[in-house]
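# A look at the structure
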Amino acid sequence: RAALAMLAQGSATGPTRGARVGVRGSMFRLARAVSVATPRRLSRGGFSRSLAPARAEGDAPAVPKRPHVDGRRQFSDIPDGMETVERVVTDEKIAAFRASIANELMLAPLTKGGNLPFRRLCVDLGCNVTVSEMVFARYALKRNPVELARLRRHESEKTFGVQIATNQIAEGVNAGRLAFESGADFLDLNCGCPIHETWKRGLGAKLLKKPAKLERLVRGIADGVPLPLTVKIRLGAGASEAPAAALAEACENAGAAAVIIHGRTKEQRYTRAANWNLIGEIREARAIPVVGNGDILTWYEHKNRVEQSGAFATMTGRGALIKPWIFKEKIDGAEWDPTPEARVGVYLTLCGYFKEHFRADELGKKRYMEFMPWHFGFFCRYRPLPETVYGGMAREHPLLQTRLGVVESAAIAAAEARHLLPLDRLLRVELEECHARLSEALWDADQDVGRAVELFQAMTTDGSLERWEAEERAERARSQDPDASLGAGDTIRG
């Protein structure tokens, strides 16, 4: 019956060689030609495909396919980076930007740490120049909500920059325009991130391998964005520091508004002291502002590094994570050694900013707990480091790279053992369990400093503090390197 139906419905559109039709499991070939009702045409590859049937009158109109958006080709006026063209940003805007960062201690771009609530806290404590977390330009252009959230600026931030990671001119220009629309004062190109996730994508420190290619990239982005462009580099992509001078020269030739130099190579990560002498040599050779970055934990280290290198400005990352009041110290020109209660107040302020940012509900608390215990992993490293005691040592070797067993001399350690308050001991515990408990207590205190101190004090009397300290002693005894530096080995991008 199926075969007869095919014969009856055939048309003159074209014959076939034959067709097989199954009848009760057997097969037979039709002797006569069978016409195929659906017209066919050859595609590019030589294969035939059916043409779509015409829409019947009265049918609902077809839903149009959403247009594909390629952020790399969103604009038609993207420079190619081969030669300088008339720039979008004005010389006056670049001059104003340079004046805004002169002699400043800037907050470095820090993945996870450079969140908006923490930047607000640093501004409260005297920071005048802040930079966002690193933004992957490609994902921002695809409207990824996480990347777009990193473009947000708080109204309290005086000079705010957005750092992007890209290796394509058009991508960088389009992301820079997004940053401009979000209220940024400048754009920073990440050429220093050492982590493998960024390196394998050809981003971050991978860009340092070819200075000529980096120059084309910087020129193309600088020409096409309406913001001053800074470039954050390391001294090299490998273990050698030799490429640093050529990299800084490439950034200057390409028209960067400033170059920010992290005084270590990609391979050195954070394990060696930053080379401020080399930063000074580059500063002498270059005409554009050079911002020095690396190993600044105290106000007098900022002063020493400026004197040593002649840097136009300095930048700190881990120093701010350990003690956000480093900006206040730089302004005052003196150390601020807050009491344990005062430090609880600082941390409670950060908690309040997280509540505003994420909202004070269950979902907001869940997001808060992804960040606050991480911050306590740095807050617990705070130690008072008066210049009268540590100033000479800091000139010889940065305190961030100095082991705690060296920094805290035996006499000071013995004195602290006698006089250190239980609350101060609690704030020095390095265990994640403790950091989670402290974060929970801050959330429950509901912006009441007295209540927060009470909740913290309860952990010093219920046996928790003694248990945590015993666990830390046991862990140090098992470790081959019981002394730890104040900030070495941190996986921080930027």
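Residues numbered from 1 in each chain as written. Predicted model: local features only at pLDDT ≥ 70, side-chain atom pairs only at ≥ 80, totals over all residues. Heavy atoms only, no water.

## Some remarks on the confidence of the model for the chain
For the chain, per-residue confidence averages 84 on the pLDDT scale, and residues scoring 70 or more make up 77% of the total. With pLDDT under 50 throughout, residues 11-51 is counted as low confidence; its partners more than four residues away or in other chains account for 47 contacts. In the model, residues 488-494 has pLDDT below 50 throughout and makes 31 contacts with residues more than four positions away in sequence or in other chains. (pLDDT = per-residue confidence, 0-100. Contact = heavy atoms within 4.5 Å.)

## Considering the pattern of salt bridges
Per the stated rule, a full pass over the model turns up 27 salt bridges. Ionic pairing is found between Arg 201 and Glu 197, a salt bridge with its closest N-O pair at 3.8 Å. For Arg 201, a relative accessible area of 33% puts it in the partly exposed group. A salt bridge links Glu 387 to Lys 303; the shortest N-O distance between them is 3.6 Å. Remark: Lys 303 occurs in helix α11 (residues 299-309) and Glu 387 occurs in helix α16 (residues 387-396); sequence separation between them is 84 residues. (Salt bridge = Lys/Arg side-chain N within 4 Å of Asp/Glu carboxyl O. Buried < 20%, exposed > 50% of the residue type's maximum accessible area, 1.4 Å probe, protein only. Helix = DSSP H or I, 4+ residues; strand = E, 2+ residues; numbered from the N terminus.)

## Quick word on the pairing of strand β11 (residues 258-262)
Most of β11 is tucked away: five of the five residues are buried. In β11, alternate side chains face the same way, and those of Ala 258, Ile 260 and His 262 on one face and Val 259 and Ile 261 on the other are all buried. In terms of strand pairing, strand β10 (residues 229-234) meets β11 through five bridges, oriented parallel. Note that in β11 the partner of Ile 233 across the bridge is Ile 261. You can see the chain leave β10, run along helix α9 (residues 244-254) and come back into β11, and the turn it takes is right-handed. Relative to strand β12 (residues 290-293), β11 runs parallel, the two being bridged by four bridges. Its bridge partner being in β12, Ile 260 is matched across the sheet by Val 291. Where the polypeptide runs from β11 across helix α10 (residues 276-285) and back to β12, its parallel neighbour, the crossover connection is right-handed. (Pairing = 2+ DSSP bridges. Right-handed = clockwise from strand over helix to strand, strands pointing away.)

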